[in-house]
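# Summary of the model geometry
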Amino acid sequence: MTAMTRRSMLTGAAGAAALGSVGSTSTHAAAPPSGKQAPGVYRYKVGTHEVTVLTDGARSFPLTESYVTNAPIAEVRKALEAAYLPPDKMIHHYAPIVINTGSRLVLIDTGSGPGAFTQTKGELGQLPQNLAAAGIQASSIDAVVISHFHGDHVNGLLDSSNKLAFPNAEVLVPATEWKFWMDDGEMSRASKGRMEDLFKNNRRIFDALGRKVTPYEWDKELAPGLMPVPTVGHSIGHTSYVLASGSAKLYIQSDVTNNPDLFARHPGWSASFDQDAAQAVATRRKVYDMLVAEKMLVQGFHYPFPGLARVEKADAGYRVVPAPWIPTL
């Protein structure tokens, strides 16, 4: 075996450089950077069902004192830093999913819509282009299932012409959520600001559809293997789902937590956008205790993309452990 010395390494490198220059009369510039992100699409299987995760984008904004309503902002910053995130801003991720049951193509939630795409210069409202990248035509969606009536879940129901973005789809909405947001009396009692704006936005969306929706009840199957379950607190009719196929199960949590580095690690913290803060905390603990006990996979709408994970206990809260990426189905 030839001994490798620093002198021989340097001599070899110099010789290689000299050889590389022999006969070389031109150089080639590196390819220009693309300047844009690759399509946000990820697929996996739950039994025989195929799940396609599609990012609708991500948005950052300054952290304020009011973001977490029952914790000092210094503690919130500390939690962000512990997760290697900027301590002075929040980053929200958004990821609707499409479930192919073999007989039905079901979209759960629709993202922020074309208006947000324009306003944020493409940071949000990416669902249509990622559907196309995944080879899924909007016209092939059989059902759109809505988890709750916040703008990042319902605004994508409409296209830029104010028409149903999924022209052949049945729109299914939680009955409790529908009753609340379409109630004129509830709207008249809404507080100024966010709640009043949500009522107005929901009327805008669903009036454009002629209020042609199918309200659904919890614990009654919506599509083969897809069961809606109540997870109220974030909104009055907030809904999550259990997808089952054979022995495989997936919990689709919707907004049981937003940023997991804050609200899973600190499940007693309340977000300013939870309609019933105490109920949202109770729901979060109940759901996450179940996920830990059953070791069930969970798909998080607001988890960092692609949002597939497991949950384990950690100190006084929980740790969300991203599932490993799989190259084949």
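Residues numbered from 1 in each chain as written. Predicted model: local features only at pLDDT ≥ 70, side-chain atom pairs only at ≥ 80, totals over all residues. Heavy atoms only, no water.

## With respect to the overall build of the chain
Under the convention used in this document: Every helix listed is a DSSP run of H or I at least four residues long, and every strand listed is a run of E at least two residues long, numbered separately from the N terminus. In this scheme, a residue with accessible area under 20% of its type's maximum is buried, one over 50% is exposed, and one in between is partly exposed, where area comes from a 1.4 Å probe on protein chains only. Two residues form a contact once any of their heavy atoms are found within 4.5 Å. Residue-level accessible areas treat just the shown protein chains as cover; the underlying method is Shrake-Rupley with a 1.4 Å probe. In summary, the charge assignment counts Lys and Arg as positive and Asp and Glu as negative, without counting His or the chain termini. For this purpose, a charge sits on NZ of Lys, CZ of Arg, CG of Asp or CD of Glu.
If you tally the helices and strands in the chain, you get ten helices and 15 strands. Principal axes of the C-alpha set define a box for the chain whose edges measure 85 × 45 × 45 Å. Taking all 329 residues of the chain together, 47% fall into the buried category. Considering only contacts in the chain between residues 6 or more positions apart, those separated by 24 or more positions represent 66%. When the accessible surface of the chain is split by element, carbon and sulfur atoms take 55% of a total near 16,700 Å². In the chain, which carries 31 positive and 30 negative side-chain charges, the distance between the mean positions of the two groups comes to 6 Å.

## So, the sheet that holds strand β7 (residues 143–145)
Short version of the rule: Pairing between strands requires that DSSP locate at least two bridges from one strand to the other. Convention adopted: a line fitted to C-alpha atoms gives each axis, helices being fitted over their contacting stretch, and angles between N-to-C directions are expressed from 0 to 180 degrees.
In space, the seven strands of this open sheet follow the order β1-β2-β5-β6-β7-β8-β9, with mixed pairing throughout. Strand pairing shows two members of the sheet lacking a second neighbour, β1 (41–46) and β9 (214–216), which therefore form its edges. Within the sheet, the average angular offset between the axes of one strand and its neighbour, ignoring direction, is 25°. The sheet contact formed by strand β6 (residues 105–108) and β7 spans three bridges and is parallel. Within β7, the residue paired with valine 106 across the bridge is alanine 143.

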